[in-house]
Amino acid sequence: MRKAIAALLVLAVLIGGVFAGGAEEGGQSGTVKLTFVETMTSPSRTQVIQGMIDEYEAQNPGIEIELISPPYEQADNKLTMMLNSNQELDIIETRDYTVKQFVNNGKLTDLTPYLENWDATDDWMDLTWEAAKTVNDTPYFVPQFFYVKALFVRTDILDQYGIEIPTTMDELYAACKELTGKAPGQYGLAFRGKANTYKISDMMLLGDVGNVNVDNFHEGLDGKFFLDNEAGREALAKYVDVFRTACPPDSINWGFNEQINGFVSGTTPFLIQDPDTFSSFAGQLDPSQYTVVPLPVGTTGKRYLDYGFNGLSIPTTSKHPQEAWDFIKWMTSPENNAAFCKAYGPLPIYNSVFQEDPYFSTGGYQAWAEELNDENTVFVKYPLDAPEYPAWAQVQEQSMQSLLLGNITIDEAIQTWSDYWGF
Amino acid sequence: MINRKKKMAYKVFRVVMLALYLFAAIIPLYWIFITSIKSGDEIYTVPLTLIPSKPSLASYEKLFSFSNFGVYFKNSLIISLFASFGAMVIAIMSGFALSRFTRQRIKGVIELVMYFTQTIPTFIIMVPLFRIFSAVHAVDNRGALGVVYIATVVAFCTIMSKSFFDRIPKSLEEAAEIDGCNLFQSITKVVLPMTLPGMAAIFCFAFINVWNELFLAVMLINSSSKMTVPVALNSFISKAGISWDVMSAGIVVALLPTIIVFGIGQKYIVAGLTDGGVKG
Amino acid sequence: MKNKWYILMMIPAFLLVVAFLYFPLARGIVMAFQNYNMFDLTNVHFIGLDNFKAVIGNPNVSFWQILGNTVIWTIFSLMFQFLLGFGLALLLKKPFAGRGVYSGFVFYGYALSGFAIGLLWSWLFNGQFGLFNDILTRIGIIDEPIGWLSNPKIAMFSVIVTNVWYGIPFFGIMLLAALQSVPNDLYEAAVIDGCGVVRQLFSVTIPYIKPTIISTLLLRTMWIVNFPDIIYAMTNGGPVNSTNILATQMINTVFKEYDYGKGSAIGVIIMVILFVYSVIYLRLTKSSGDDV
């Protein structure tokens, strides 16, 4: 019987021991340890960031930075939980989807005093300021890069059938239809039917509609939902039509991955995506097989583009905000920002980088350089700070799928969306 | 004669059915395996190639050199072994006690408590669990994660182990006690040896469940050096889609330990379950 | 006297379960009655049944459709997992050369994670680049690719097939073990009575292993209802909600909408359904599944 008790005790100690075993190993005195959470994780990106951290640590003895890289799909949730249980973090990646809720919950430091003393901000693009001040007109983060859509084109396939690269949405739709059926399994557009579909469909529709509030393009200048008008209905009809006639039926269930497969395999030679998509082609497509052009303009003669972004913030729980800021400043300096974007794909935040570094105005990036400088480009925003926004993706996806499959009409879809947003 | 024909027909039927099951079971395994040895550009070629044209181990090299998979593998192995062994030991105690306990009402309540755990969705406990862990500074601790894993599987393990012990007559322990054994001795020397295969079954069950667990590991582990295999596999899905080359290699490698545990344990699992099993 | 020792022995398991499952669960249930939305945590307070009302009355994601999907998903997955698993167990009962290796191959699916299975099968089912359409086209059964996951009428079928594939080994293993415990003399007696193979199955085998069948079916039902991994990876509930079940809607509400209050409310609904189901199930099977 004593042995039984002893065994129990040993077990209890074991369990207790593993708990206690995890106590923080204190850093050496004098070193400041910073914790950095990235959220747009991918193995290669983590490697790039870790490389930069190593470099920074080498330059700044006394600073130690621990990088936490949760898997992309759960990263925002994990960071949310970490912040809300007040874990001590020093540098975090805030993104378009999360900035509002972090601010609501009082988790982000206002960076205004830091930014005032930093010359590099003079070189920021207008977009950079716009993004930084997404919430309350206050900079809660330093943007790191932008995702802006452009049109990827498989020139080899277009050449084969003698099809010109489209410059307007109508030309794009026509080209898609012409391609479809040229060979067994040949379609036009790498359609996005699943997972944040609105990020692509809205950009395809807006050019035909126009007349929207650029700070929240869901709102038309007439105060109604932006598609709730004749132009909107027509644009939606064309969109539905191109899906039904020139996209693989299966593409209603396509996410990013299937889109890429469709493009790489040539099944769908047109793809509307962000610049970081380049890395997905590596080893599968030769640069001579494709090109990137600005997103085609709509019947209004303009192209409307939203910009996805991500930036570095200092959480209010940080005990070393000054050290954290020094790192952020270093990490987002023109030089490092350019290097980071080259290694990882998206667009840098500085005017000078676009002007001085030919990398971002030639090759595939030329399309974005043109988009950014074209007077026909209008940058618009989602209502990122609306409480309805987080649930919007599912509502939109579901009703859009219903519309594409013909279960509901265009009017019913627009009604659903107007109702959801309270127009 | 008729009987013989019937027997022959039955035999043919059996072989055909066995072949069908094998075929259905093996297609996904075959597909993931050949994908893992295809070269990057061949993975997405249409029409599909059913046999890789130039097989290579490049994906595996990439997996281990590029993503620290070796470290994750080691972490997973340690945590899974710790948790499944712990769950087994604890379930032996609780299962035995539950089997021999004579106060029916308490026994019923405890059994219900164990069964009811199976209805709890992971997502409802995730945030509260995270908060508790955060409050006691147990986030990013492999040992703590292991303990949570024990908790998630121990209820089912208890249910299983109780049913094994139910099959062992009480008279055996009583005889042992007359011979001068105490309770501990009569369990370890008399009862346990008879249920070893059953315990192996419990171990395998726990191991497979813990080895594959994703969400708790994502939430409760921070450092890359402490990450587990399912988390690592999940991180091959990024904004830029899934890297199927490393992903397929990772899935194949992740399958190995469970298949080994399963391969060794299978004989015991079936034997053990035969003795008792989840029989109520 | 000994009961004291027994209680002591039960304590570790009991404590673990209470500390790491029931205690957080209690907090989770409380959240189901609060406006606990990560979007704004500055004003968390009790809102009664509002979360439940919002979930059930959601104008954009029909609760009843999701509930119906959950029932279909569970019943068909369970039925075919069981029948095919039972079939496999019967085939494996008699030893044959290479049975060990063979069962290794048919049972390995049990060792995969649901997440990996979902990813893998969504690829196999992919309309353009999937293996299934490729094979069917090659052997000339179809001309047009089938939209396994993109056609709302077929998508549920496809995810259930995947789940069945995943669940066969569980029943195979459990029932094989049970079958081997059936004493041989029972069969001998049946043969003497002139029972054929089929009658033996129904009058000897099934009655003998009934307790195993009852408890494995109950456990498996709970697991299938609470198993979003496959659907989450394959269709995420789409297209048009055709494969959305309670468990996937819960993930979406928690992970995408950050609304832990509503997410927990769905969790509570799942648990209530399972609890009621278990009680009824055990009543109905009481005669043989006594101490399940």
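Values in this document were obtained by computation on a predicted structure and should not be read as measured data. (Residues numbered from 1 in each chain as written. Chains lettered and ligands numbered in written order. Predicted model: local features only at pLDDT ≥ 70, side-chain atom pairs only at ≥ 80, totals over all residues.)

**Concerning the overall build of chain C**
Here is step 1: Regarding its fold elements, chain C presents 12 helices and 0 strands.
Here is step 2: Overall, chain C shows an N-to-C arrangement of helices and strands of α-α-α-α-α-α-α-α-α-α-α-α.
Here is step 3: When its C-alpha atoms are laid out on the principal axes, chain C stretches across 75 × 75 × 30 Å.
Here is step 4: Across the 292 residues that make up chain C, the buried fraction comes to 53%.
Here is step 5: Of the contacts made within chain C by residues no fewer than 6 positions apart, 67% connect residues no fewer than 24 positions apart. (Helix = DSSP H or I, 4+ residues; strand = E, 2+ residues; numbered from the N terminus. Buried ≥ 20, exposed ≤ 12 C-beta atoms within 10 Å, placed from the backbone. Contact = placed C-beta atoms within 7 Å.)

**A closer look at the overall build of chain A**
Here is step 1: Secondary structure assignment for chain A yields 18 helices and 9 strands.
Here is step 2: Taking 423 residues into account, the globule formula puts the C-alpha radius of gyration at 22 Å, and chain A, at 24 Å, falls close to it.
Here is step 3: C-alpha extents for chain A along the principal axes are approximately 80 × 65 × 45 Å.
Here is step 4: Evaluated residue by residue, chain A yields a buried proportion of 51% over its 423 residues. (Rg over C-alpha atoms; globule rule 2.2 N^0.38 Å.)

**Brief notes about the domain arrangement of chain A**
Residues and elements named next belong to chain A.
Here is step 1: Domain boundaries assigned for chain A yield domain 1 (32–145 + 309–363) and domain 2 (150–305 + 369–421).
Here is step 2: Between domain 1 and domain 2, the contact holds 13 residues from the first and 10 residues from the second.
Here is step 3: Taken together, the residues that form the side of domain 1 that touches domain 2 break down as 8 nonpolar, 3 polar and 2 charged. (Domains from an automatic or database assignment. Nonpolar A, V, L, I, M, F, W, Y, C, P; charged D, E, K, R; others polar.)

**Some points on the interface of chain B and chain C**
Here is step 1: Residue-level contacts link 69 residues of chain B with 71 residues of chain C.
Here is step 2: Contributions of two or more residues to the side of chain B that touches chain C are made by helix H1 (2–37), helix H4 (69–100), helix H5 (104–116), helix H6 (122–135), helix H7 (142–166), helix H10 (196–212), helix H12 (229–234) and helix H13 (244–275) of chain B.
Here is step 3: Taken together, the residues of the side of chain B that touches chain C break down into 51 nonpolar, 14 polar and 4 charged.

**Quick look at the nonpolar core**
Here is step 1: Core analysis: the largest hydrophobic core is formed by 297 residues, its most contacted members being Val 154, Cys 157 and Ala 206 of chain B.
Here is step 2: If near-sequence neighbours (up to four positions away) are discounted, Cys 157 of chain B is found in contact with Ala 87, Met 88, Ala 91, Ile 202, Phe 205 and Ala 206 of chain B. (Core = buried A, V, L, I, M, F, W, Y, C linked by C-beta atoms within 7 Å.)

**What to know about the interface of chain A and chain B**
Here is step 1: With 37 residues of chain A at the interface, the matching set in chain B holds 37 residues.
Here is step 2: Contributions of two or more residues to the side of chain A that touches chain B are made by helix H1 (2–21), helix H3 (72–84), helix H11 (256–265) and helix H12 (278–281) of chain A.
Here is step 3: Its residues placed into classes, the side of chain A that touches chain B shows 15 nonpolar, 18 polar and 4 charged.

**Some remarks on unusual backbone geometry**
Here is step 1: Following Gly 238 of chain C, the chain continues into Pro 239 of chain C via a peptide bond in cis, with omega recorded as -15°.
Here is step 2: Considering the arrangement of structural elements, one finds Pro 239 of chain C in the loop between helix H10 (229–234) and helix H11 (246–256).
Here is step 3: Positioned with a positive phi, Asn 86 of chain A is a non-glycine residue whose angle comes to about 55°.
Here is step 4: Among the secondary structure elements, Asn 86 of chain A is positioned in the loop between H3 and strand E3 (91–95).
Here is step 5: The exposure class of Asn 86 of chain A is partly exposed, given the 14 C-beta atoms found within 10 Å.
Here is step 6: Of note in this structure, Ala 195 of chain A is not a glycine but carries a positive phi near 65°.

**Observations concerning the sheet that holds strand E6 (residues 270–273) of chain A**
Residues and elements named next belong to chain A.
Here is step 1: Taken in spatial order, the 3 strands line up as E6-E5-E7 in an open sheet, and their pairing is antiparallel. At either end of the open sheet lies a strand with only one pairing partner, and these are E6 and strand E7 (291–293). With direction set aside, neighbouring strand axes in the sheet form an average angle of 30°.
Here is step 2: Here strand E5 (residues 150–153) pairs with E6 via 4 bridges, running antiparallel. (Pairing = 2+ DSSP bridges. Axes fitted to C-alpha atoms, helices over the stretch in contact; angles between N-to-C directions.)

**A closer look at the packing of helix H2 (residues 43–59) of chain A against helix H14 (residues 334–344) of chain A**
All names here are of chain A.
Here is step 1: Two numbers describe how H2 lies on H14: the axes approach to 10 Å, and their chain directions differ by 155°. By the angle between their directions, the pair H2 and H14 is classed as roughly antiparallel. Between H2 and H14 the crossing geometry is right-handed. Counting all contacts with H2, which are made through Arg 45, Val 48 and Met 52, the residues of H14 involved are Asn 336, Phe 340, Ala 343 and Tyr 344.
Here is step 2: Counted by class, the contact of H2 with H14 contains 5 nonpolar, 1 polar and 1 charged residues. (Parallel < 35°, antiparallel > 145°, perpendicular 65-115°, else oblique. Left-handed = near helix turned anticlockwise from the far one by under 90°.)

**Re the packing of H6 of chain B against helix H1 (residues 3–31) of chain C**
Here is step 1: At a closest axis distance of 8 Å, the pairing of H6 of chain B and H1 of chain C adopts a crossing angle of 105°. Relative to H1 of chain C, H6 of chain B is oriented roughly perpendicular. For the pair H6 of chain B and H1 of chain C, contact is made by Ile 124, Ile 125, Pro 128, Leu 129 and Ile 132 of chain B and by Phe 20, Leu 21, Pro 24, Leu 25, Arg 27 and Gly 28 of chain C, respectively.
Here is step 2: When its residues are assigned to classes, the contact of H6 of chain B with H1 of chain C shows 9 nonpolar, 1 polar and 1 charged.

**Details of the environment of Met 203 of chain A**
All names here are of chain A.
Here is step 1: In this fold, Met 203 is placed in helix H9 (residues 198–209).
Here is step 2: With 134 residues separating them in the primary sequence, Met 203 and Asn 337 have C-alpha atoms 27 Å apart.
Here is step 3: Setting aside residues up to four positions removed in sequence, Met 203 forms contacts with Lys 149, Ile 272, Leu 295, Tyr 304, Leu 305 and Asp 306.

**Focus: the environment of Ile 270 of chain C**
Here is step 1: On the secondary structure map, Ile 270 of chain C appears in helix H12 (residues 260–285).
Here is step 2: Assessed through the 24 C-beta atoms surrounding it within 10 Å, Ile 270 of chain C is described here as buried.
Here is step 3: Contact partners of Ile 270 of chain C, with chain neighbours within four places excluded, come to Pro 121 of chain B together with Val 225, Asn 226, Leu 246 and Ala 247 of chain C.

**Re the pairing of E5 of chain A**
Here is step 1: Alignment of E5 of chain A against E7 of chain A, held across 3 bridges, turns out to be antiparallel. Bridge pairing in E7 of chain A places Phe 152 of chain A opposite Val 292 of chain A.

**A look at H9 of chain A**
Residue and element names in this part refer to chain A.
Here is step 1: Given a rise of 1.5 Å per residue, 12 residues ought to cover 16 Å, and the 15 Å separating the end C-alpha atoms of H9 matches this to within 8%.
Here is step 2: Of all the 12 residues making up H9, 10 are buried; the element is thus mostly covered by neighbouring parts of the structure.
Here is step 3: Among the structural elements, helix H8 (169–179), helix H10 (230–246), E6, strand E8 (303–313), strand E9 (377–380) and helix H17 (389–404) are those in contact with the buried residues of H9.
Here is step 4: Remark: Gly 210 follows H9 within two positions and exhibits a positive phi of approximately 65°. (Expected span 1.5 Å × (residues − 1).)

**Quick notes on the domain arrangement of chain C**
Here is step 1: Taken domain by domain, chain C holds domain 1 (1–27) and domain 2 (32–285).
Here is step 2: For domain 1 of chain C versus domain 2 of chain C, the separation of C-alpha centres amounts to 30 Å.

**Observations concerning the pairing of E8 of chain A**
All names here are of chain A.
Here is step 1: Among the 11 residues in E8, 11 count as buried, and that is most of the element.
Here is step 2: By the alternation rule, side chains of E8 split into Arg 303, Leu 305, Tyr 307, Phe 309, Gly 311 and Ser 313 and Tyr 304, Asp 306, Gly 308, Asn 310 and Leu 312, which are all buried.
Here is step 3: Bridge count for E3 against E8 is 4 bridges, and the pairing is antiparallel. Counterpart to Ile 92 in the pairing with E8 is Ser 313.
Here is step 4: Examined bridge by bridge, strand E4 (residues 142–148) and E8 share 6 bridges and lie antiparallel to one another. Paired with Phe 146 across the two strands is Phe 309, which belongs to E8.

**A short note on the confidence of the model for chain C**
Residue and element names in this part refer to chain C.
Here is step 1: Per-residue confidence for chain C gives a mean pLDDT of 90, with 98% of residues at or over 70.
Here is step 2: A low-confidence stretch, residues 288–292 stays under pLDDT 50, and its non-local contacts, those more than four residues away or across chains, total 15 contacts.
Here is step 3: Model confidence for the complex: the whole-complex pTM is 0.90, and ipTM, which rates the interface, is 0.89. (pLDDT = per-residue confidence, 0-100.)

**Section: the confidence of the model for chain A**
All names here are of chain A.
Here is step 1: Model confidence for chain A is summarised by a mean pLDDT of 90, while 93% of its residues fall at 70 or above.
Here is step 2: A low-confidence stretch, residues 1–6 (pLDDT under 50), is modelled with 7 contacts involving residues beyond four sequence positions or located in other chains.
Here is step 3: Of the regions scoring below 50 in pLDDT, residues 16–27 engages in 15 contacts with residues more than four places distant in sequence or in other chains.

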